[in-house]
Amino acid sequence: MTYTAHIDTFARDNLPPRAQWPNFLFELPELQYPERMNCATELLDRALERGWGERRAILAPNGFVWTYRQLRDEANRIARVLVEDLGLVAGNRVLLRGPNSPMMAACWFAVMKAGGIAVGTMPLLRAAELTKIVTKANVSHALCDARLVDELAKARPGCPSLKTVALFQTDAADGIEALAARKSAEFTDVPTAAEDTALIAFTSGTTGEPKGTMHFHRDVVAVCDCFPKSTLRALPDDLFTGSPPLAFTFGLGGLLLFPLRIGAATLLLEKASPDALPAAIAQHRATVLFTAPTSYRAMALQASRADFASLRKCVSAGEALPAATRALWREATGIEIIDGIGSTEMLHIFISHDEAGAKPGATGKPIPGYRACVMDDEGRPLPPGQVGKLAVMGPTGCRYLADPRQTNYVRDGWNYTGDAYLVDEHGYFVYQARTDDMIVSAGYNIAGPEVEAALLAHPAVAECGVVASPDEERGTIVKAFVVLKPGNEPGDALVKALQEHVKSQIAPYKYPRAIEFVSGLPRTETGKLQRFQLRQLELQRAHQRASGAA
Ligand code: 3UK
C-alpha cells in the first residue's frame, strides 16, 4: 500500500485498475516531483515563500483585489471552516458551484488544502444533472454561490450522500464569509500524496451519462509546468482573463492555476460573454486572454468599437480554430492566436504552438512533455497525410471514476481523444473532426468542421454548423445550418452563393447540398457547437417525412 493522506478512500477505491491506466511520461526535468505534494501548498504557500505575498493575485470587477497573501489567508480560513465546522475529512468530495469569482477560487484552494476533492459544476447545470454528478462522485459537501442555490436545492432530495451545503456570496450568519471571518489565517495543509486525487472533473457537451475524470495533485502542478512554460510563456506582470468557467479545466488552468504558478494576476469575471468581455479587458488592461473560437469571432466582428490594445497573448481551445477566425482576430488586434487542443481527460492542452509556430488550419505539434500519434483502426501509427485517430501520452492522462468507458479512451497505454486528425509533412497536427462528426456521403468521408471553416470565410456568415442529414437518394448529404451576419437576406440566391463559395475553397464534393438559415446554434456552456443536436433534428425530420409519406 503506497502512502495516501486520504482517510476517506472513495477516490482511490474507484480509480480504474492500473492495467487500464494510460502510460505516463515524466521525462522533462521540470516534471520531477516529490512523492508528497499538495497543489495548494505549491501554488499559494510557495508563492509567499518566494516573496510574492504583496503581489496582486485575483482581481474582480469594481476594483476588487486580493494579493497572494490575502488569497492564501482566505483559503486557509475556509479550509478551517471545512474541517472544524463542516466536518470535512480528507478524501471527501466537495461540490463547488458558482460563476467565476474570488470566493470561488478561495473555496477551490481551501478544498485542496483540507485534502478534499473538488468537483466543479458548470453554472448552468440543472437539478437532474447535478444529481447525477453528486451521486456518481458520492459528494458529501457542497460550497455554493448563494445566487445559484436553487437547482442544487431541487437536486437535494435525490442526493442522500450530500450531507452539508454551505453558501458563499452571502451576509448570512452561517454563510462561508461569516464563518471564515472568525477563523485564524493559519492552516497546515493536509500532506497529500502526489497521487492523491485532487479533483474530479466531469466531461461536458455530449449525450450519455457524465464521465468523471480523476486528476491527482501532481497533475494540477504538471499542467502548470507544461503548456504555460513551453508555449504560452506569460510573465509575472501579466494579467490573465477570459471566459471559461473554473469548473471547466480549460478555465481552471488558464484563469487560476497558470497565472498563480508564475506570480501573475487573474481577473475573474462572472459575465464574460463576447459582449461583456471586451469592456473588462479594456478597463483592467488585461494582457493574456483565454476564450473559445466562437468568442474570438464574435469579438473580432465588433472590434472597431473595442479597445484590445492591452492584450499580448490570446489562447483558444475547446473546438477547432477556423483559419478565418484566426485571420479576423489578427486583423482586429495584430495578435496571432495560440490554438491548443486539450481535454477534460488530459486536464489541459497537449498539442499547440506559439505565436511564431502558428499555422492556419492546424492545431500545432505535441507540446514538450507530451507525445502524439495518428493511428489506424488497429492502433498502428499512420504515415503523414492520412486521417486517423488522435492518440496522446504525457504527464497527465485519463482515469475515469468507476466507468467502463475507460477502455474506450485508453488503449495500449495511449489516450484516444475521439478526434480524427492527420499529421502534415511538417509534423503539424491538423484537426479533421470529432470521430462522430465525420460525414459519410456517397462513399466520401467529409469532416463537418472543414466545411464550416470554408463557410466562415464567406462575408455573410456569422456562425454555422455542418452535419450529416439523411437523404433518400444518397443515404446522407452534407447539411449546413447558417446564422447570417446582420444585413444579409436569407434566400435561394444566398444558398447558391454559399455553395459556390465552398466549392471554390475545398473539394467540390464536400459542398453542403442543403443549407438552412437559423437565428442561432445549440452550444454547450463551454462554447462548443452541439452537432449531435443538429444531427438529431435532421434524423427526426427524416422520420417525420418517412411517416408522412406512408
Ligand atoms: C475538442 C478541440 C480542435 C476535441 C479542453 C483545453 O475542450 C476541452 O475539454 P473537453 O473535454 O473537450 C475535449 C475535446 O474538445 N477540442 C478542444 N480543443 C480543441 N478540437 N482544436 C482544439 N484546439 O474534440 C477534444 O477531444 O470539453 C480544452 C484545455 C482543457 C480542456 N478541458
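Okay, so let's go over this structure. Everything quoted here is computed from the prediction, not taken from an experiment.

**Remarks on the overall build of the protein**
When you go through the protein residue by residue, the secondary structure sums to 17 helices and 25 strands. For 550 residues, the compact-globule estimate of 2.2 N^0.38 gives 24 Å, and the protein sits close to it at 23 Å. With the C-alpha coordinates of the protein rotated into their principal frame, the extents come out at 70 × 50 × 50 Å. Taking all 550 residues of the protein together, the buried fraction comes to 59%. Looking at the protein alone, contacts between residues at least 24 apart form 67% of all its contacts between residues at least 6 apart. For the protein, the separation between the mean place of its 58 positive charges and that of its 61 negative charges on side chains is 0 Å.

**Looking at helix 16 (residues 492–505)**
With 14 residues, helix 16 ought to run about 20 Å at 1.5 Å a step, and its terminal C-alpha atoms sit 20 Å apart, in line with that. Taken together, the buried positions of helix 16 are Leu494, Val495, Leu498, Gln499, His501 and Val502. The buried residues of helix 16 all sit within an arc of 160° when viewed along its axis, so they share a single face. Exposed and oriented more than 90 degrees from the buried face of helix 16 are Asp492, Ala493 and Ser504.

**Points about the site of the ligand**
In the vicinity of the ligand there are 22 residues, among which Asp339, Gly340, Thr344, Asp419 and Lys528 approach most closely. In the model, a nitrogen atom of the ligand is placed 3.5 Å from a nitrogen or oxygen of the alanine 320 main chain. Considering the ligand on its own, with 600 Å² of exposed area, one finds that the protein chains cover 96% of that surface. For the shell around the ligand, the secondary-structure elements that each account for two or more residues are helix 10 (249–261), strand 13 (338–342), strand 19 (414–423) and strand 20 (429–434). Here the shell around the ligand gets four residues from one element, more than from any other, and that element is strand 13.

**Topic: the side chain of lysine 510**
Note on placement: lysine 510 falls in the loop between helix 16 and strand 25 (514–517). There is a polar contact of 2.9 Å between the side chain of lysine 510 and the side chain of glutamate 450. Every residue in contact with lysine 510, bar those within four places of it in the chain, is listed here: Ile446, Glu450, Val451 and Val478.

**Remarks on the nonpolar core**
It is characteristic of soluble globular proteins that their nonpolar side chains tend to be buried jointly. Formed by 121 residues in total, the largest nonpolar core has its most connected members in Trp108, Phe109, Leu143 and Phe290. The element contributing the most residues to this core is helix 4 (residues 102–113), with 10 residues.

**Some points on the pairing of strand 13**
With four of its five residues buried, strand 13 lies for the most part within the structure. Pairing of strand 12 (residues 313–316) with strand 13 involves two bridges; the strand directions are parallel. Bridging across to strand 13, serine 316 finds its partner in aspartate 339. After leaving strand 12, the chain enters helix 13 (residues 323–333) and then returns to the sheet as strand 13, a path that is right-handed. In the sheet, strand 13 pairs with strand 14 (residues 349–352) via three bridges, with the strands oriented antiparallel.

**Considerations on the environment of threonine 294**
Checked against the element boundaries, threonine 294 lands in helix 12 (residues 293–301). Each C-alpha atom, one on threonine 294 and one on glutamate 319, is 8.9 Å from the other, the two residues being 25 residues apart in sequence. Beyond its immediate sequence surroundings of up to four residues, threonine 294 is in contact with Glu319, Glu463, Arg523 and Gly527.

**Here's the deal with the sheet that holds strand 23 (residues 461–471)**
Strand order in this open sheet of three strands is 23-24-25, and the pairing throughout is mixed. At either margin of the open sheet sits one strand with a lone partner, and together these are strand 23 and strand 25. In this sheet, neighbouring strand axes are inclined to one another by 25° on average, regardless of whether the strands run parallel or antiparallel. In the sheet, strand 23 pairs with strand 24 (residues 475–484) via 10 bridges, with the strands oriented antiparallel.

What counts and how
- Residues numbered from 1 in each chain as written.
- Predicted model: local features only at pLDDT ≥ 70, side-chain atom pairs only at ≥ 80, totals over all residues.
- Heavy atoms only, no water.
- Helix = DSSP H or I, 4+ residues; strand = E, 2+ residues; numbered from the N terminus.
- Rg over C-alpha atoms; globule rule 2.2 N^0.38 Å.
- Buried < 20%, exposed > 50% of the residue type's maximum accessible area, 1.4 Å probe, protein only.
- Contact = heavy atoms within 4.5 Å.
- Lys, Arg positive; Asp, Glu negative; His and termini not counted.
- Charge placed at Lys NZ, Arg CZ, Asp CG, Glu CD.
- Expected span 1.5 Å × (residues − 1).
- Arc of directions from axis to C-beta.
- Near = heavy atom within 4 Å.
- Polar contact = N/O pair within 3.5 Å; in protein donor to acceptor, adjacent residues only side chain to side chain.
- Areas by Shrake-Rupley, 256 points an atom, 1.4 Å probe, with all protein chains shown as cover.
- Core = buried A, V, L, I, M, F, W, Y, C linked by side-chain atoms within 4.5 Å.
- Pairing = 2+ DSSP bridges.
- Right-handed = clockwise from strand over helix to strand, strands pointing away.
- Axes fitted to C-alpha atoms, helices over the stretch in contact; angles between N-to-C directions.

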